[in-house]
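# Summary of the model geometry
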Amino acid sequence: MKKEIIVDVALEGTRLAVLENNELVEFYIERPDTERLVGNIYRGSVNSVLPGMQAAFVDIGYEKNAFLYVGDALYEDEELNQKVKRYSIERLLKPGQEITVQVIKEPIGTKGPRVTAQITLPGRHLVLLPNADYIGISRRIDNAKERTRLKKFAQTIKPEGMGLIVRTASEGRTLEEFESDISFLMKQWKKIKRKERFGGIPKCIYKDLSLVYKTVRDTFTPEINRFIINDKKEYKNVLELVDMISPKLKNKVQMYNKEYDMFEYYNIDRKITQALNRKVWLKCGGYIVIDRTEALTVIDVNTGKYVGKENLENTVLKTNIQAAAEIAKQIRLRDIGGIIIIDFIDMTDVKNRKHVLNSLRQSLKKDRTKTIVVGMTGLGLTEMTRKKVRQGLNSFMTTECPHCEGAGQIAAPESIALKVEKQIGEFAKIKGSGNIIIEVHPTVAAILKGEKGKNLKLLQKTYRKKMSIIPNDELLRDEIIINGQGKTKAI
């Protein structure tokens, strides 16, 4: 499989796309005015403790206090650490208490960032756990012999009283590479501990890497064919970082120097636009519809234009299997997190249902973010979850429509015409209002006038006023101008 990372650096921000066989599978934006918090470590103070929620709010210097759940809180006493979930939050934390926390979830909507006291420091091959004491191996490394080999390396270099997680990128690596990684991570941790002791609070004592460098560290592996970037300064910085962590990959880093926009050249802009569509077509002619709510995301599967060739069950099965692959791709691309409900087309054969679920699980393996497919409910709906770390693609690329106020729908012309008629009646009651000139959207004007002006004549008779209905296609459907007094909403 051909894999590429395309990085577009501009004054307005950095855009990063991951392509697999020329298909867009991941997309990220980093803007100068939008700070990413996940991975940052702060020395803060407990603002309030909420026993009813088994959580605390921590002041980390951000505009909204961070949320710390009892299961993510650590205590000085190791014995309490082992039993942390059994203890109430007020036994672990007190208002005004200083605490070091790491952001694990970006602020979303009205909610502040979520934090943990269980610090993790990621390197190229290892993740250092300063407050834990165990060794974990990435589940994506499924070769038993390789897992055993890597675990021995980790045991050899593990700092006393600390933990290590062996990352997927460590597969096939040497002990020397592990030693280099742990040396770098321990230096980082010592710097953090020094910053923790000095200066006032709240304060940031560690900032995670920027989007580009984080991608080099976490995603730029030997499986990537090309890493293309269009900024000379960042190109040199990427080469320096790659030289430190994986020198063999330097020849895969390329500078883009063509005159035209690189995202247009690689046809990425069109793919981003498609990624924001509510309806996504499948190759067979079926389609999926993605609707997001505050609590969850609902995905509906339809046969659409596809009528099949054999029988209904096979038609449905083929549509559902294609939908499973596309859903996994769209979830990853749009960075959808939280609860996801999928309404596959009903199947009578139990084997076919299992086949579709297995196809979904298999497709989700490409996703680096943790996903869990729970299974099908009694109603035939598929439940799954995906770890929610940051706002999805829609939040970065779109904003709430000021006209429909996020509803996604506006009132029908007939409903608006009824409201306009009432406003005309209120205006007609004003003494000395004289003739009335009404400007509305053409679709509303047609209803107010009626066939051959029948409705307009009735309005004039009812309110004993001469009236003119003027279509104005510059107005929104629910806007109205009466006697040139400025446009208002039809209410």
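What you see is a predicted model; the values in this text were computed from it and never measured. (Residues numbered from 1 in each chain as written. Predicted model: local features only at pLDDT ≥ 70, side-chain atom pairs only at ≥ 80, totals over all residues. Heavy atoms only, no water.)

Before going further, it helps to spend a moment on the packing of aromatic side chains. Under the counting rule described, the total for this entry stands at nine aromatic pairs. Between Phe153 and Phe178, the aromatic rings sit 5.9 Å apart at their centres with planes inclined by 75 degrees, giving edge-to-face as the arrangement. Of the two residues, Phe153 is situated in helix H3 (residues 144–157) and Phe178 in helix H4 (residues 175–197); the sequence distance between them amounts to 25 residues. For the pair Phe153 and Phe178, one class covers both residues: buried. Through successive ring pairs, a cluster of aromatic residues spans Tyr256, Tyr260, Tyr265 and Tyr266. Of note, Lys279 hangs over the ring of Tyr287, and the distance from its end group to the ring centre comes to 4.4 Å. (Phe/Tyr/Trp six-rings, centres within 6.5 Å; stacked < 30°, edge-to-face > 60°. Helix = DSSP H or I, 4+ residues; strand = E, 2+ residues; numbered from the N terminus. Buried < 20%, exposed > 50% of the residue type's maximum accessible area, 1.4 Å probe, protein only. Lys NZ or Arg CZ within 6 Å of the ring centre and 35° of its normal.)

On inspection of all chains with the given rule, the structure shows 23 salt bridges. The partner of Glu146 in a salt bridge is Arg149, with the nearest N and O atoms 2.8 Å apart. With Glu146 and Arg149 both in helix H3 and three residues apart, the pair spans about one turn of that helix. Here Glu146 falls in the buried class, since its relative accessible area comes to 13%. We note a salt bridge from Asp218 to Arg167, for which the minimum N-O separation is 2.9 Å. (Salt bridge = Lys/Arg side-chain N within 4 Å of Asp/Glu carboxyl O.)

With that settled, consider the sheet that holds strand S18 (residues 296–302). Strands in a sheet are paired, the pairing made by backbone hydrogen bonds, and the direction either parallel or antiparallel. Taken in spatial order, the six strands of this open sheet run S16-S17-S18-S19-S21-S20, and their pairing is mixed. For this open sheet the edge positions go to strand S16 (279–281) and strand S20 (371–376), each flanked by a neighbour on one side alone. Here the average twist between neighbouring strands, direction ignored, is 20 degrees. In the sheet, strand S19 (residues 338–343) pairs with strand S21 (residues 382–386) via five bridges, with the strands oriented antiparallel. (Pairing = 2+ DSSP bridges. Axes fitted to C-alpha atoms, helices over the stretch in contact; angles between N-to-C directions.)

Our focus in this paragraph is the pairing of S20. Looking down a regular strand, the side chains alternate between one sheet face and the other. Bridging between S20 and S21 involves five bridges; their strand directions are antiparallel. Residue pairing in the sheet places Ile372 in a bridge with Thr385 of S21. Linkage of S20 to S21, two consecutive antiparallel strands, is achieved through a turn of five residues, within which Gly380 is found at a positive phi near 85 degrees.

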